Amino acid sequence: MTVSRHPYDVLTPDVVLDALASVEVYGDGRLLALSSYENRVYQIHLEEPFQGESVVVAKFYRPDRWSDAQVLEEHAFAGELGLAEVPLVGPLAPHGATLHHHAGFAFSISPRRGGRLPELDDGEVLEWIGRYLARLHTVGAKQPFTARPAIDVASFGEEPRDWLLAHNAVPLEVQAEWTKACATALDQVRAAFADAERAQVRRLRLHGDCHPGNILWTPGGGPHFVDLDDARSGPAVQDLWMLLSGDRGQRQKQLGALLDGYEQMREFDRSELALIEALRTLRLIHYSAWLARRWDDPIFPITFPWFGTPDYWRGQVLVLQEQMEAMQEPPLVA
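Numbering of residues starts from 1 in each chain and follows the order in which that chain's sequence is written. Owing to the predicted nature of the model, reporting of local features is limited to residues with pLDDT of at least 70; listing and counting of side-chain atom pairs is limited to 80 or more, with chain, interface and lining totals taken over all residues. The side-chain figures draw on all heavy atoms in the structure; neither hydrogens nor water molecules are used.

So, the side chain of Arg148
Secondary structure follows DSSP: runs of H or I at least 4 residues long count as helices, runs of E at least 2 residues long count as strands, and numbering of each begins at the N terminus. Relative to the helices and strands, Arg148 resides in the loop between helix H3 (123-140) and helix H4 (153-166). Any pair of N or O atoms that falls within 3.5 Å is considered a polar contact. Within protein, one atom must be able to donate a hydrogen and the other to accept it, and sequence-neighbouring residues count only if both atoms are side-chain atoms. Only 2.8 Å separates the side chain of Arg148 from the backbone oxygen of Ala231, close enough to count as a polar contact.

What to know about the sheet that holds strand E5 (residues 105-111)
Sheet strands pair via backbone hydrogen bonds, and the direction of the pair is either parallel or antiparallel. Taken together, five strands build an open sheet; the order of strands is E1-E2-E3-E5-E4 and the sheet is antiparallel. Whereas interior strands pair on both sides, the edge strands pair on one side only; in this sheet they are strand E1 (27-34) and strand E4 (100-102). Mean inter-strand twist for the sheet, computed between neighbouring axes without regard to direction, equals 35°. DSSP calls a pair of strands paired once it identifies at least 2 bridges connecting them. With seven bridges connecting them, strand E2 (residues 40-50) and strand E3 (residues 53-60) associate as antiparallel partners. Within the sheet, the bridge partner assigned to Tyr42 lies in E3 and is Ala58. Inter-axis angles, ranging from 0 to 180 degrees, are taken between N-to-C directions of lines fitted to C-alpha atoms, where helices are fitted over the stretch in contact.

Overview of a negative patch on the surface
In this scheme, patches are assembled from residues that exceed 30% relative accessible area and form no salt bridge. Like charges are connected within 9 Å, while nonpolar side chains (Val, Leu, Ile, Met, Phe, Trp, Tyr) are connected within 5 Å. In short, Shrake-Rupley with a 1.4 Å probe defines the accessible areas, and a residue's cover is counted only from the protein chains shown. What makes a salt bridge here is a side-chain nitrogen of Lys or Arg within 4 Å of a carboxyl oxygen of Asp or Glu, nothing more. For the charge count, each Lys or Arg is scored as positive and each Asp or Glu as negative, with His and the chain ends excluded. A charge is said to be at NZ when it belongs to Lys, at CZ for Arg, at CG for Asp and at CD for Glu. A surface patch of like charges, here negative, comprises Glu119, Asp121, Asp122 and Glu124. Tracing the backbone through its elements, the reader meets Glu124 in helix H3. Overall, the relative accessible area of 65% leaves Glu124 in the exposed class. For each residue, the accessible area found with a 1.4 Å probe, counting protein chains only, is set against the maximum for its type, and the residue is called buried under 20%, exposed over 50%, and partly exposed in between.

Concerning helix H5 (residues 172-198)
Under the convention used throughout, the expected extent of a helix is 1.5 Å for every residue step, that is, one less than its residue count. Under the 1.5 Å per step criterion, the end-to-end length of H5 is 39 Å for 27 residues, consistent within 8% with the ideal 39 Å. Within the span of H5, buried status applies to Val174, Gln175, Trp178, Ala181, Cys182, Ala185, Leu186, Gln188, Val189, Ala192, Phe193 and Ala196. Residue contacts are counted whenever heavy atoms from the two residues lie within 4.5 Å of one another. The inward-facing, buried residues of H5 contact H4, helix H8 (276-293) and helix H10 (310-328). Following H5 by one or two positions, Gln200 adopts a phi angle in the positive range, close to 60°.

A word on the packing of H5 against H10
Two elements in contact, H5 and H10, have axes whose closest approach is 9 Å; the angle formed by their N-to-C orientations is 25°. In this view, H5 runs roughly parallel relative to H10, as classed from their interaxial angle. The crossing of H5 and H10 is left-handed. Counting all contacts with H5, which are made through Glu173, Val174, Glu177, Trp178, Ala181, Cys182, Thr184, Ala185, Gln188 and Val189, the residues of H10 involved are Pro310, Trp313, Arg314, Gln316, Val317, Leu320, Met324, Met327 and Gln328. We call Asp, Glu, Lys and Arg charged. Ala, Val, Leu, Ile, Met, Phe, Trp, Tyr, Cys and Pro are nonpolar, and the rest, Gly among them, are polar. Class assignment for the residues of the contact of H5 with H10 results in twelve nonpolar, four polar and three charged. For classification purposes, angles smaller than 35 degrees are called roughly parallel, those larger than 145 roughly antiparallel, those between 65 and 115 roughly perpendicular, and all remaining angles oblique. In a left-handed crossing the near helix is turned counterclockwise from the far helix by less than a right angle, and in a right-handed crossing that turn is clockwise.

Digging into the packing of aromatic side chains
Centres within 6.5 Å make a pair out of two Phe, Tyr or Trp rings, where for Trp the six-membered ring is used; the pair is then stacked when the planes are under 30 degrees apart, edge-to-face when over 60, and tilted otherwise. Applying the stated criterion across every chain yields a total of 20 aromatic pairs. Their ring planes at 40° and their centres at 5.5 Å tell us that Phe300 and Phe304 sit as a pair that is tilted. A relative accessible area of 0% means that Phe300 is categorised as buried. Ring centres of Trp306 and Tyr312 lie 5.8 Å apart, and the angle between their planes is 25°; on these two criteria the pair is classed as stacked. A relative accessible area of 10% places Tyr312 in the buried class. Three or more aromatic residues link up through ring pairs in this structure, and these residues are Tyr37, Trp178, Tyr287, Trp290, Trp295, Phe300, Phe304, Trp306, Phe307, Tyr312 and Trp313. Put simply, a charge is over a ring when the Lys NZ or the Arg CZ is close to the ring centre, within 6 Å, and near the line of the ring normal, within 35 degrees. The aromatic ring of Trp66 is capped on one face by Arg148, whose charged end is 4.2 Å from the ring centroid. Sitting over the ring of Phe145, Arg205 keeps its end group 5.8 Å from the ring centre.

Geometric descriptors of this kind do not, in isolation, establish any biological role.
As structure tokens, this is what we get:
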């Protein structure tokens, strides 16, 4: 009997260093695995600086997730943002290319940039982030993605739900209840997206996963964005709502500070605020499917031991019911 191995099992330190050497970037042997579940990411010290960088970050993309065209579209977007002086960590280009291949892996190399999580209770920090998000969206609105998908009900809600059911990921004792809650929640999400379409909410290229962990803050230097791995097309509010937390009053205050900064640089369509809870609902469904799809990766059972149990899915039923109530409430105002 043969044991199935995960593709990342063969990504040893030697393979990582050989990959860099294949584009004439030479590590000195010091590697540090960085926190990343979707891809494998390493901080690597170099024997000699490359394009002024003595320490770089190499990202090895999860096989079969994005096509080369989709990754290159992400890199091109990062390049546009760099030219517009939007603070974002984009890939370097050894031999004039940003995407490379070695030992069956696609990989890229980026500068190392430090920082800490932003203080989202600080109105000045949120205002600063809002200004930079507006600048990011100004670039994002210039042209559409052609290879990367959009954030929509079909790809973020229906397809993940169908995959979970087809692969029996939801235990039988919870399946009927979860399926019913999911169907009702998605009906409300569709209604919210239909309202947005009637309001002519515009889609643009987004960061796509703009939570606090993907914003690094440096004192005196402000924020810079990292990880465009989830860049997609969608409404601008997608890049704002994950920065809001706490009760309604706290979220209201945070949103006001974000938009105070945002609207110094770019107009924001207030009708998009009605999409926040719909987008949160889609993310919840998509997240469950993301965990289930990755379960053959050894790091996932170790990191998420609570996933997949009947109690987990009962909790998801309750969360979806809470989202149904939230989607019926008046949206935040600012």
